[in-house]
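# Close look at the chain arrangement
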Amino acid sequence: ARRGRVAADAQDVLDRRAQQYPDRVMMSIAGADVTFEQMRQRSCAAAKLLIDLGVGQGDRVALFTGTCPEWVYFWLGAARIGAVSAAVNAANKGDFLVHALRLSQAKVMLTDAERRPRAVEVADAVDTLTSIVVQDDSLAATLSQNTDGAATDSPGRADDLGCVFYTSGTTGPSKAVATTWHYLFS
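My aim in this report is to walk through the structure given alongside it, one point at a time. Sequence positions are assigned chain by chain, starting from 1 and proceeding in written order. Selection of residues for local features in this predicted model requires a pLDDT of at least 70, selection of side-chain atom pairs for listing and counting requires 80 or more, and totals for whole chains, interfaces and linings are taken over all residues. To get the side-chain values, all heavy atoms of the structure are used, and hydrogens and water are removed first.

Helix numbers and strand numbers start at the N terminus; a helix is a DSSP run of H or I with at least 4 residues, a strand a run of E with at least 2. Check the secondary structure of the chain and you find seven helices and eight strands. Only protein chains enter the accessibility calculation, which uses a 1.4 Å probe. A residue is then buried if its area is under 20% of the maximum for its type, exposed if over 50%, and partly exposed in between. The 186 residues of the chain split such that 44% are buried. By definition, residues are in contact when any of their heavy atoms lie within 4.5 Å. Intrachain contacts of the chain at a sequence separation of at least 6 include 66% that bridge at least 24 residues. The Shrake-Rupley method, run with a 1.4 Å probe, gives the accessible areas here. Residue values count only the displayed protein chains as cover. As displayed, the chain offers around 9,400 Å² of accessible surface, 50% of which is attributable to carbon and sulfur atoms.

Before going further, it helps to spend a moment on the nonpolar core. Counting 26 residues, the largest nonpolar core has Leu 50 and Phe 74 as the members making the most contacts within it. Looking at this core, the elements that each hand over two or more residues are α1 (6–20), α2 (36–52), β3 (60–64), α3 (69–80), β5 (106–112) and α6 (137–144). For this core, the element with the highest residue contribution is α2, accounting for seven residues. In contact with Phe 74, other than residues within four places in its own chain, are Ala 46, Leu 49, Leu 50, Leu 63, Leu 110, Val 133, Leu 139 and Leu 143. Counting 18 residues, the second largest nonpolar core, distinct from the first, contains Val 88, Ala 106, Ala 123 and Val 164. Here, nonpolar core means buried Ala, Val, Leu, Ile, Met, Phe, Trp, Tyr and Cys residues that are tied together by side-chain atoms lying within 4.5 Å of each other.

Within the element layout of this structure, Ala 32 appears in strand β2 (residues 32–35). Sequence-wise, Ala 32 and Pro 69 are 37 residues apart; in three dimensions their C-alpha atoms are separated by 7.5 Å. Residues in contact with Ala 32, not counting those within four places in the same chain, are Met 27 and Pro 69.

Between any two strands, pairing holds if DSSP finds at least two bridges. In terms of strand pairing, strand β1 (residues 25–29) meets β2 through four bridges, oriented antiparallel. When the bridges of β2 are listed, Met 27 appears paired with Val 34. Here β1 folds back onto β2, and the loop between the two strands holds two residues, one of which, Ala 30, carries a positive phi near 55°.

What follows covers α3. With 12 residues, α3 extends 17 Å between its outermost C-alpha atoms, agreeing within 8% with the 16 Å of an ideal straight helix rising 1.5 Å per residue. In terms of burial, α3 is a largely internal element, 10 of the 12 residues being buried. Taken as a whole, α3 has its buried residues at Pro 69, Glu 70, Val 72, Tyr 73, Phe 74, Leu 76, Gly 77, Ala 78, Ala 79 and Arg 80. Count one or two residues on from α3 and you reach Gly 82, which has phi positive near 75°. Working rule for helices: expected span equals 1.5 Å times residues minus one.

The next subject is the pairing of strand β6 (residues 131–135). Here β5 runs beside β6; their pairing, made up of five bridges, is parallel. Residue pairing across strands places Met 109 opposite Ile 132, the latter belonging to β6. By definition, the crossover connecting two strands over a helix is right-handed if that path, from the first strand to the second, turns clockwise as seen with the strands pointing away from the viewer. The parallel pair β5 and β6 is bridged by helix α5 (residues 116–123), and the resulting crossover is right-handed.

Another point: the pattern of salt bridges. As a working rule, side chains carrying opposite charge can pair if their charged atoms are close by. A carboxyl oxygen of Asp or Glu within 4 Å of a side-chain nitrogen of Lys or Arg is what we treat as a salt bridge. For the coordinates displayed, the defined rule picks out six salt bridges. In this structure, Lys 107 engages Asp 59 in a salt bridge whose closest nitrogen and oxygen atoms are separated by 3.6 Å. On the criterion of sequence distance, the pair formed by Lys 107 in strand β5 and Asp 59 in the loop between α2 and β3 is long-range, its members being 48 residues apart. With relative accessibility at 24%, the residue Asp 59 sits in the partly exposed group. For the salt bridge of Arg 115 with Asp 112, the shortest nitrogen-to-oxygen distance reads 2.8 Å. The pair Arg 115 / Asp 112 is uniform in exposure class, with both members buried. Each of Asp 112, Glu 114 and Arg 115 takes part in one network of salt bridges that share partners.

Below is the structure:
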């Protein structure tokens, strides 16, 4: 029974820390300090945005950005709804990017202004891709909205796929590494 709760426990940890230490800095990333409460709120907002884009449990979300807080918000947001995130190499372009997106079976892709042209260039070659979310001021405003009460918590079971990572591709195209919630939380 314990292994069945692993994914839920991962979100519970963040939510408990946000309640205990709302103003304590949880993470500094790309020059931005993010408190536990900000991380909780913004991951809930990312989850709500993903739901609004039609992402549900088991659907895939590609994270194709440079180092930024939004990457983490969407990673945790996807976890909140039981979606699977795929950490796509930010240097990918052309056929390498298409390959990674096809392997991930991404429905939604998060990208930034620098990578947006590369994402748009390959979007039509990925049958599963329905939306591209661009990190900009509009997204920042959306993620800063209060989402308390939003129905976003339906994480997967311990043995469900939680994330897809990629090998370096030194001997050929990158391979997708399927990672379960149990492995991630352990």
